[in-house]
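Inside the fold
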Protein chains: 2
Amino acid sequence: MTTPTLIGADWGTTNFRMFLYDETGAVIAKHAANIGLKNLGVLSFEQALMSVLKDEFAGLDHLPFILSGMVGSRQGWIEAPYAACPSTVKDIAAQLVRAPHPRLDVAIVPGLYAKSPDTGLLNVMRGEETQIYGLGDDAEGLVILPGTHSKWAQVEGGEVKTFSTHMTGEMFQVLKANSILGILMDDDKDDEAAFLKGVERALNDKAFLSLIFSVRTEALFNNIKPESLSSYMSGILIGSEIAAEKEKHGNKPVGIVGDGALIELYKAALKFAGFDRVTQHDGDTASSRGLWAINSLR
Amino acid sequence: MTTPTLIGADWGTTNFRMFLYDETGAVIAKHAANIGLKNLGVLSFEQALMSVLKDEFAGLDHLPFILSGMVGSRQGWIEAPYAACPSTVKDIAAQLVRAPHPRLDVAIVPGLYAKSPDTGLLNVMRGEETQIYGLGDDAEGLVILPGTHSKWAQVEGGEVKTFSTHMTGEMFQVLKANSILGILMDDDKDDEAAFLKGVERALNDKAFLSLIFSVRTEALFNNIKPESLSSYMSGILIGSEIAAEKEKHGNKPVGIVGDGALIELYKAALKFAGFDRVTQHDGDTASSRGLWAINSLR
C-alpha cells in the first residue's frame, strides 16, 4: 500500500498537468485540466488549484505542492525569478519560491535564463528546466523541447550549460491566423512532401523573411495546393529552427521531449536534416520525474 | 495651356494615388483616396473610380486610364497575369489588360514574377514594377522598394532581371498586434539606439526565429524599455532583410524608393550595414512617370 506524499504540477500558459506521488516517488494518479494561465478567468491561483483536487486528489490539500511553468512568472501566482545558467537541479531546488498562503505548502520552481557570452543575447525558459532535470542521465548532450517557444538546451554532467529559443510554434500560429500567408490555406491536410519541401528550402536558404513569402507565391502559381500550404509553412518554420541549430552544433545526438503530431514533424525534419541519432522522451514523464527530483532536494 | 490627356493611378491594397497628365506627360493634378482594395466595401471598382473623379478630375471619364498595383490581381478589377522576368517596360506594355467596361478605357498593368534558377523560388510584385520603370536610367543596379512586402530588384539596361521579396512590414505588424512580442510594448517612441541595436544583432545573427525572441527577453530583463521595444523589433526585421541581401550582393550602390519615416529607417540601417552609396527616389514621382512611360508604349 502506498501513501500519497506530494502533489506536483506543470502549470503553463495553456496546459496544466498534475501528478500525485507516493513516498517512493512513483506517480499514483494524474490529472490534466484546462486551467492554464490564460484560461483562469476570475479564479485565483488558489481557487483554480483547489478546483482540480478531486477524485484521487480529493482531500489532499494538506500535502506539499511543487509547481513548475508560467505559474512562477511575473503574471503567475508569485514570481520565482529565473535562475542563471549554468544550473544543476540542486541550484534550482535552492531557489524555490513559496507561494504566499497561510495554510497551503506550495513551492514554485524558478525558470532558467542563459546569457550568450558572445552576443549578450538572453534566453528564458519556464517548465522545460523541470523536464530536462527529469530526464536525469538521458539529458546529456543536446535536448530539444519543441513548442510555442522551442528550446534547444546543452546539458553536461547534469548541468544545463546554456540554451536557445526559437519562436517557431507561435510564429506558425500568428502567420496562419493573421497574415496574408494564411488566406490561401484551406481545408488543411498533413502533406509530408510539402512539409519536407519547406524543410529542404529552409536548410538551403537562411533568408527567413524572404523564404516565408514563398508560402504565398507557391499558392499563387498552384505549385502547392491550398490544403498543403499549412504543411509547407510548417516545414519552413521547423526547418529554419533546425538549420540554425545545425550550424551551431553539427549533427550531434539529440534528445527530443514530447509526443504527438508535433514531435513526429520534428523527427521527420531532423532526419531529413541529417540528424541520425534522435531519442524521444515522454513529456509527462519528464515533468513528473523532474518535479519529484527538485522537491527531493528542498 | 495644357490639355488633360491621361489619368493614371497606383491602386493597391491600402493606398490609391491618382495622377492627371497633360499631352507632354507632365502631372497637372494629383489625388490620393482611401479606396484601397481592402476599403472598397460595397463599391465596385468602377464605382470607386468614378467617386474620385472630382475637382481637377471632374468630367474626365472620357480620358484613357492606366492602373497599376493590386487592382490587377486575382482579387482586383480583372486579373492582369504576372509578366515574366527579365522584363523591360516594353514587355510590360505589351501585356496590358483591358478592364471589362462598355465605355471606360481602362488599361491595367501586369505585375512581374521572377523564378530563381537556383532554388526554383518564385517572387511577385504589383505596382513596384511601374515605379522601377518610372525611374528610367536611375533604376540601374539594385533598387529597394520598402513596404509591407519589400522588394529588392536587379535592373540592367532598363530590364528587371530578377528580384526578391521580404515580408518585413507585414511581419512587424502581425508580431506587434498578435504575438507575445507586442504585449510588453507600451507608449512607442522612436529610439534610434534601440533600432540600431536590432540592426546590429540581425547583421551578426541569421537565426531569425531565435533572434526575434530577444524582443521579449530584453524587455523581461529591463535592458530595453517598453517604449523602445517597437524600435528594437523594427531594427531586427529591417536588419534581417538587409543582412540577407548584403550576403547576396555585397555593398553595391542602391536606389531606394519612397519617403517618410520608413525610408529614414532603411537609410539608417543601410548606412549601419555599410551601404555607403544610397540614392533616394520619390515614390509618387516614380509611379506617375512609370504609368506614363508604360502608357506611351501601348
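Source: prediction; values computed, not measured.

Quick look at empty space enclosed by the protein
One water molecule sets the probe size; rolling that probe over the atoms shows where empty space is left. What the rule picks out here adds up to one cavity of 30 Å³ or more. As a volume, the largest cavity reaches approximately 50 Å³. Surrounding the largest cavity, Arg216 and Leu220 of chain A together with Met70, Ser73, Arg74, Gln75, Glu79, Tyr82 and Arg126 of chain B form its lining. Its residues assigned to classes, the lining of the largest cavity comprises three nonpolar, two polar and four charged.

Some words on the packing of aromatic side chains
Across all of its chains, the model carries 17 aromatic pairs over all chains by this definition. Each ring, one from Phe45 of chain A and one from Trp77 of chain A, has its centre 6.0 Å from the other, and the planes form 15°; the classification is stacked. Of the two residues, Phe45 of chain A sits in helix H1 (residues 45-51) while Trp77 of chain A sits in the loop between strand E4 (65-68) and strand E5 (83-84), which places them 32 residues apart along the sequence. Pair check on accessibility: Phe45 of chain A and Trp77 of chain A agree, each one buried. The interplanar angle of 65° and the centroid separation of 5.5 Å between the aromatic rings of Trp11 of chain B and Phe45 of chain B together place this pair among those described as edge-to-face. With Trp11 of chain B in strand E1 (residues 6-11) and Phe45 of chain B in helix H1 (residues 45-51), the pair connects residues that are 34 residues apart, well separated along the chain. By relative accessible area, Phe45 of chain B is classed as buried at 12%. In this arrangement the basic side chain of Arg126 of chain A is found over the ring face of Tyr82 of chain A, its NZ or CZ atom lying 4.2 Å from the centre.

Thoughts on the relation of the copies chain A and chain B
Superposing chain A onto chain B takes a rotation of 180° combined with a translation of 0.0 Å along the rotation axis, leaving an RMSD of 0.0 Å. Given the turn and translation reported, the copies of this chain are related as if by a two-fold rotation axis. Both copies present the same face, since 100% of the interface residues in chain A are matched by interface residues at the equivalent positions in chain B.

Side note on the interface of chain A and chain B
Taken together, the contact between chain A and chain B spans 48 residues of the former and 48 residues of the latter. Here chain A meets chain B over a buried area of about 3,700 Å², counting both sides, of which 71% is carbon and sulfur. For chain A, the biggest contributors to the area lost against chain B are Leu122, Leu209 and Phe213 of chain A; these three give 19% of the whole. The interface formed by chain A and chain B contains zero salt bridges. Taken together, the connections running from chain A to chain B amount to 10 residue pairs in polar contact (both at pLDDT 80 or more). Of all the elements in the fold, those that place two or more residues in the side of chain A that touches chain B are strand E9 (122-125), strand E12 (159-166), helix H4 (168-178), helix H5 (180-183), helix H7 (208-211), helix H8 (214-220) and helix H9 (229-249) of chain A. At six residues, the largest contribution of residues to the side of chain A that touches chain B is made by H4 of chain A.

Brief notes about the packing of H4 of chain A against H9 of chain A
All names here are of chain A. In the contact formed by H4 and H9, the axes pass within 10 Å of each other and the chain directions differ by 150°. Classified by the interaxial angle, the pair formed by H4 and H9 is roughly antiparallel. Here H4 runs over H9; the crossing is right-handed. Between H4 and H9, the contacting residues are Thr168, Met171, Phe172, Leu175 and Lys176 on the first element and Ser230, Met233, Ser234, Leu237, Ile238 and Glu241 on the second.

Each value, and the rule that gives it
Here the residue index of a chain counts from 1 through its sequence in written order. Chain letters and ligand numbers both follow the written order, the letters beginning at A and the numbers at 1. For a predicted model such as this one, the threshold for reporting local features is a pLDDT of at least 70, and the threshold for listing and counting side-chain atom pairs is 80 or more; totals across whole chains, interfaces and linings nevertheless cover every residue. Values shown for side chains rest on all heavy atoms present in the structure; no hydrogens or waters enter the calculation. Points on a 1 Å grid, built from protein atoms alone, make a cavity when a 1.4 Å probe fits but cannot get out and make a pocket when they are open with protein on both sides within 12 Å along at least 5 of 7 lines; residues with an atom within 4 Å of a point are the lining residues. Grid points are joined across faces, edges and corners, and a volume is the space filled by probe spheres set on the points. Three residue categories are used. Nonpolar comprises Ala, Val, Leu, Ile, Met, Phe, Trp, Tyr, Cys and Pro, charged comprises Asp, Glu, Lys and Arg, and polar comprises the others, including Gly. Ring pairs shown here join Phe, Tyr and Trp side chains whose ring centres sit within 6.5 Å, with only the six-membered ring taken for Trp; geometry is labelled stacked below 30 degrees between planes, edge-to-face above 60, and tilted in between. Starting at the N terminus, helices and strands are each numbered in turn, a helix being any DSSP run of H or I of at least four residues and a strand any DSSP run of E of at least two. Here the term buried applies to any residue with accessible area under 20% of the maximum for its type, exposed to any over 50%, and partly exposed to those in between, with areas from a 1.4 Å probe on protein chains only. Here, a charge over a ring is recorded when the distance from Lys NZ or Arg CZ to the ring centre is within 6 Å and its angle to the ring normal is within 35 degrees. For this overlay, a least-squares fit was computed on C-alpha atoms, restricted to residues scoring pLDDT of at least 70 in both copies. Two residues form a contact once any of their heavy atoms are found within 4.5 Å. Put simply, buried area is how much 1.4 Å-probe accessible surface two parts lose in total, over both of them, once they are put together. The working definition used for a salt bridge is a side-chain nitrogen of Lys or Arg within 4 Å of a carboxyl oxygen of Asp or Glu. Between N or O atoms, a polar contact is any pair within 3.5 Å; within protein, one atom must be a potential hydrogen donor and the other a potential acceptor, and residues adjacent in sequence are included only when both atoms are from side chains. To get an axis, a line is fitted to the C-alpha atoms, and for a helix only the part in contact is used. The angle between two axes follows their N-to-C directions and goes from 0 to 180 degrees. When describing relative orientation, an angle under 35 degrees is termed roughly parallel and one over 145 degrees roughly antiparallel, while 65 to 115 degrees is termed roughly perpendicular and anything else oblique. The handedness criterion is simple: a crossing whose near helix is rotated anticlockwise from the far helix by less than a right angle is left-handed, and one whose near helix is rotated clockwise is right-handed.

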